[in-house]
Amino acid sequence: MTPEGDRRLEVTADLRLEVDGVPVRVEASGSEISVTSDDVRRLFAAVRVAGGAATQGSPGRTELARVADTLAGHGLTARLDGPAGRVLSLGADVDSPAGSALLGTRRARLHPAGALRSSGPVPVAAAGLLLVVIAALARRRRR
């Protein structure tokens, strides 16, 4: 039993579902949630469309920060993996200065190597630009 006021959650899940035709697997045990997709690019596109229908606007950085901070507030960490590795981490076990600058919260971390290898040509260019920004931030922080 958790003390009153403790908002921590524990999750147990083993789901296989499709999001707009994109197969997704969600596994969870305790405070760790793992989301895996063979097509991360199409998954993000489908989530953006669904989120836009719910919010009357395409979800962006503010919504991502809200999700990451809500997960953290409940002691949960979610990780998104594509065929080439980890793409995104959100929640309690994440503390990323680059996430704060790029994604609007320290509770979100983009994993550039996984993002680069899990994307098509247009997102690869964006991810390349992201790597340059991260390198510049790291250099500035060392000074």
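No experiment lies behind these values; they were computed from the predicted model shown.

K.L.:
Could you clarify how one ought to interpret the sheet that holds strand 6 (residues 108-110) in this entry?
P.N.:
For sheets, the rule is that strands pair by backbone hydrogen bonds, running either parallel or antiparallel. One open sheet holds the six strands; their spatial order is 1-2-3-4-5-6, and the pairing between them is mixed. Each having just a single partner strand, strand 1 (11-19) and strand 6 make up the two edges of the open sheet. The average angle at which neighbouring strand axes cross in this sheet is 15°, direction not considered. As defined by bridge partners, strand 1 adjoins strand 2 (residues 22-30) across nine bridges and the pair is classed as antiparallel. Along strand 2, the bridge assignment pairs valine 19 with valine 22.

K.L.:
Just checking my understanding: could you explain the environment of valine 49 for this structure?
P.N.:
Position of valine 49 relative to the elements: it lies in helix 1 (residues 40-55). As for valine 49 and aspartate 20, which are separated by 29 residues in sequence, their C-alpha atoms are 9.5 Å apart.

K.L.:
Could you clarify how one ought to interpret the nonpolar core in this entry?
P.N.:
Soluble globular proteins tend to bury their nonpolar side chains together. Of all hydrophobic cores here, the largest spans 19 residues; its most connected members are Ile33, Val35, Leu71, Leu80, Val87, Leu88 and Leu90. Of all elements in the fold, only strand 2, strand 3 (32-37), helix 1, helix 2 (61-73), strand 4 (77-82) and strand 5 (85-91) reach the threshold of two or more residues within this core. Among the elements that take part in this core, strand 2 stands out by supplying four residues, more than any other. Beyond its immediate chain neighbours, meaning those up to four positions away, leucine 80 contacts Val35, Val40, Leu43, Phe44, Gly85, Arg86, Val87 and Leu88.

K.L.:
Help me understand the pattern of salt bridges, please; the structure alone is not making it clear to me.
P.N.:
One side chain can pair with another of opposite charge once the charged atoms of both are near each other. Counting across every chain of the model gives seven salt bridges. The salt bridge involving arginine 16 is made with aspartate 14; its shortest N-O contact spans 3.7 Å. Its relative accessible area of 59% is what places arginine 16 among the exposed residues. Residue classification places aspartate 14 among the partly exposed residues on the basis of a relative accessible area of 48%.

K.L.:
How do you make sense of helix 2 when you look at a structure like this?
P.N.:
Since the α-helix turns once every 3.6 residues, residues separated by three or four places project in the same direction. End to end, helix 2 covers 18 Å across 13 residues, agreeing with the expected 18 Å (1.5 Å per residue, within 8%). Those residues of helix 2 lying buried are Ala65, Ala68, Leu71 and Ala72. Down the axis, helix 2 shows its buried residues gathered within 130° of arc, on one side only.

About the cut-offs
Residues numbered from 1 in each chain as written. Predicted model: local features only at pLDDT ≥ 70, side-chain atom pairs only at ≥ 80, totals over all residues. Heavy atoms only, no water. Pairing = 2+ DSSP bridges. Helix = DSSP H or I, 4+ residues; strand = E, 2+ residues; numbered from the N terminus. Axes fitted to C-alpha atoms, helices over the stretch in contact; angles between N-to-C directions. Core = buried A, V, L, I, M, F, W, Y, C linked by side-chain atoms within 4.5 Å. Buried < 20%, exposed > 50% of the residue type's maximum accessible area, 1.4 Å probe, protein only. Contact = heavy atoms within 4.5 Å. Salt bridge = Lys/Arg side-chain N within 4 Å of Asp/Glu carboxyl O. Expected span 1.5 Å × (residues − 1). Arc of directions from axis to C-beta.

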